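Residue strings, one per chain:
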Amino acid sequence: MQPSMPPPVEKEFQVCVIGGGMAGLCAAIAAARNGVKTVLVHDRAVLGGNASSEIRMQICGAHGAYNRESGLLEEIQLENCHRNPGRGSWSIWDSVLYEKARFQPGLTLLLNCSCTEAEMDGGRIATIGAWQLTTQIRYCIAAELFIDCSGDSILAPFTGAEQRWGRESRSEFGESIAPVNADRRTMGNSLLIQFRRTHQPQRFVPPRWAYRFEKPEDLEYRLNGVDGCNFWWIELGGINDTIADAEAIRDELYKVAYGVVDYIKNRSPEREKAANWSLEWLGSLPGKRENRRYCGDHVLTQHDVRDGGRFSDCVAYGGWTMDDHHPAGVFYPGKPTIFHPAPSPYGIPYRSLYSRNVENLMFAGRNISVTHAALSSTRVMGTCAVIGQAAGTAAALCIRHRCMPRALYPERVRELQATLMLDDCWLPGFVHQPGPLALSARLDGQGHELGALLDGWDRDEPKRSHAWVGSPESAIEYQWSEAQFISALRLVFDSSFRSSRWMTTHQPSHDEDGTPPTLVRRFRIEAQDAEGRWQTVARERDNYQRSCFAPLGLQTRALRFIPEETWGAAEARVFACEPLSSYEAKIPQVIPGAAFAEVRKRIAPEDMTPPDHGLEEGTQKRPGFAA
């Protein structure tokens, strides 16, 4: 009898996100928090993509002290600041990303699961096939919308979605930084290394197959001293195919990476500085920068970036320099990258996030609808994360309004923008419009700049503050002429955006435990009862997030917010304190861990019997040893 595979397990969702890097993670969480049944299919054991413990690249984004990405990315990074003192543990960072997806209501997480095929129904994707390596289960996943955040645009060859690959010619879009002739060259893949300082000299013996770098000129423009070096420039593959040739590129990167360590330890002019260094980690999964890019209704170009991206359908933003790496990578003897000027921030339009020819396909991350020149800026992970949140939120609105992605533009783009801003996503050139409940009240209280709470700005500008400032126990108070139903109070605190540091997993933190001192740690919310007495209706004793919603569900004529303690700053700074009349809970949910002893009791007695090895007690023998 011919053996056969069992039939695939059929699953049905409203939104299917493929790829669990920072873009896909944020897309999936955003879709689920906006009320749609979502699945996240990721082909690795850990989330984060290039930011995971497998690759360990820092999360870069828009330049400028006040341009840091907020929304879900800030939430994730603040969680890491709180739980990962000094942000030195990649395992803790992995657990933060895992928690955000695994315990998000409405979101199913499939790790170690690769997309292998897609079935079309006319111009729409009907299902995808997926294979989970660890369980050896085949899945057939149906969804109304698919968001490809795989980076490699895995659905493009399966669906016939229009795509681009390589560098456009200078004449196609009139881009001055594009080559004269179009080609399939891309930026390459990088393999990172990390050292650990010890208290005594550590020798390094390279593998015989490693490349041998003899002199500084072999690594000119790359190894500029050995202290604090970022090894992003261990890069290859742009002259090849970064998908089809991925294994061969990885093999070459191994030779380069071990050769770089050998040179630093054994022949570098500064090898004495590295004498006590030991190779702590060398990656086995290269991080990719570029290959397939989808084509949407708008292709973002160098001109769009340079002009500031003033789009009416702006749903995300970038601000990283157009950072164009040479395709030959470390084999190229010149500078490994050219930094072409770009403004920070610039807007990214919704029309670059959905396919022009596959009706129910969206995308987020480095594979959005951009030219190679624009990609050199939009590809960094901070930008990819906010694009992901925009795509996931847009998908949820499509499900709510029973329409395809193209139908959101232009009729419902304003709703999409308003939803993103309510969820603490900044959109350059736009301000959040407070609701009628907040605008109809009399705003009173102690502290400074009460009006800033309703100006629609949830962050400072370089030369203008938009925060209410008050000492602990001062109050922000709303009063109405008649009792109002208040569903929730939206709060946005100060997480030190004016600091120019990056919120990455491996860079110095604000203070010893990592939580920004400007955040409000303890606060309470009070409401007047029917007799005019103030009653505490909500209290938070250990907040470490910038943005939060406090569910209330009450009737009152007066409400007040009182900060009790910050994480170290003398005064509390609050950007938003907005009562909401309607609110759908978007608060993440984590199931508390049970005591191990209690879990053990749930195991069936027959599964807890000692093993029977056929030996009397005390006569067990160690294999290979005489009695």
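Model, not experiment: these values are computed from the prediction.

### Brief notes about the packing of helix 9 (residues 381-401) against helix 10 (residues 413-422)
Piece 1. Helix 10 packs onto helix 9 with a crossing angle of 125° between their chain directions and a minimal axis gap of 10 Å. Judged by the inter-axis angle, helix 9 sits oblique to helix 10. Handedness of the crossing formed by helix 9 with helix 10: right-handed. Together, Gln389, Ala390, Thr393, Ala394, Leu397, Arg400 and His401 of helix 9 and Glu415, Leu416, Thr419 and Leu420 of helix 10 make up the contact between the two elements.
Piece 2. Its residues assigned to classes, the contact of helix 9 with helix 10 comprises five nonpolar, four polar and two charged.

### Thoughts on the sheet that holds strand 7 (residues 137-142)
In any sheet, the strands associate via hydrogen bonds between backbone groups, in a parallel or an antiparallel arrangement.
Piece 1. Sheet architecture is open: four strands sit in the order 1-7-6-5, paired in mixed fashion. Each edge of the sheet is formed by a strand with only one pairing partner; in this case those strands are strand 1 (9-12) and strand 5 (113-121). Each strand axis lies, on average, 25° off the axis of its neighbour in the sheet, ignoring direction.
Piece 2. Bridge analysis of strand 5 against strand 6 (residues 124-132) gives eight bridges, and the strand direction is antiparallel. Each bridged residue has a counterpart across the sheet, and for Ala118 the counterpart in strand 6 is Ile128.

### Things to note about the pairing of strand 16 (residues 322-325)
Piece 1. Burial of strand 16 is two-sided: the residues Met322 and Asp324 facing one way and the residues Asp323 and His325 facing the other way are all buried.
Piece 2. Both strand 16 and strand 17 (residues 337-340) contribute to a ladder of four bridges, which runs antiparallel. Its bridge partner being in strand 17, His325 is matched across the sheet by Thr337.

### Focus: the nonpolar core
Piece 1. The biggest cluster of nonpolar side chains holds 98 residues, and the ones touching the most others in it are Met22, Ile128, Leu155 and Tyr350.
Piece 2. Once you skip the residues sitting within four places of it in the chain, Leu155 turns out to touch Ile18, Cys115, Ala118, Ile125, Ile128, Phe146, Asp148, Tyr294 and Leu361.
Piece 3. Formed by 31 residues, the second largest nonpolar core is a distinct cluster that contains Trp480, Tyr544, Ala550 and Trp567.

### Thoughts on the confidence of the model for the protein
Piece 1. The predicted model of the protein averages 93 in pLDDT, with 94% of residues at 70 or higher.
Piece 2. Of all the helices and strands in the protein, helix 12 (residues 596-601) carries the lowest mean pLDDT, 82, while strand 19 (residues 361-363) carries the highest, 99.
Piece 3. This model gives residues 500-512 a pLDDT under 50, and the stretch forms 51 contacts once residues within four places in sequence are excluded.

Conventions and cut-offs
Residues numbered from 1 in each chain as written. Predicted model: local features only at pLDDT ≥ 70, side-chain atom pairs only at ≥ 80, totals over all residues. Heavy atoms only, no water. Axes fitted to C-alpha atoms, helices over the stretch in contact; angles between N-to-C directions. Helix = DSSP H or I, 4+ residues; strand = E, 2+ residues; numbered from the N terminus. Parallel < 35°, antiparallel > 145°, perpendicular 65-115°, else oblique. Left-handed = near helix turned anticlockwise from the far one by under 90°. Contact = heavy atoms within 4.5 Å. Nonpolar A, V, L, I, M, F, W, Y, C, P; charged D, E, K, R; others polar. Pairing = 2+ DSSP bridges. Buried < 20%, exposed > 50% of the residue type's maximum accessible area, 1.4 Å probe, protein only. Core = buried A, V, L, I, M, F, W, Y, C linked by side-chain atoms within 4.5 Å. pLDDT = per-residue confidence, 0-100.

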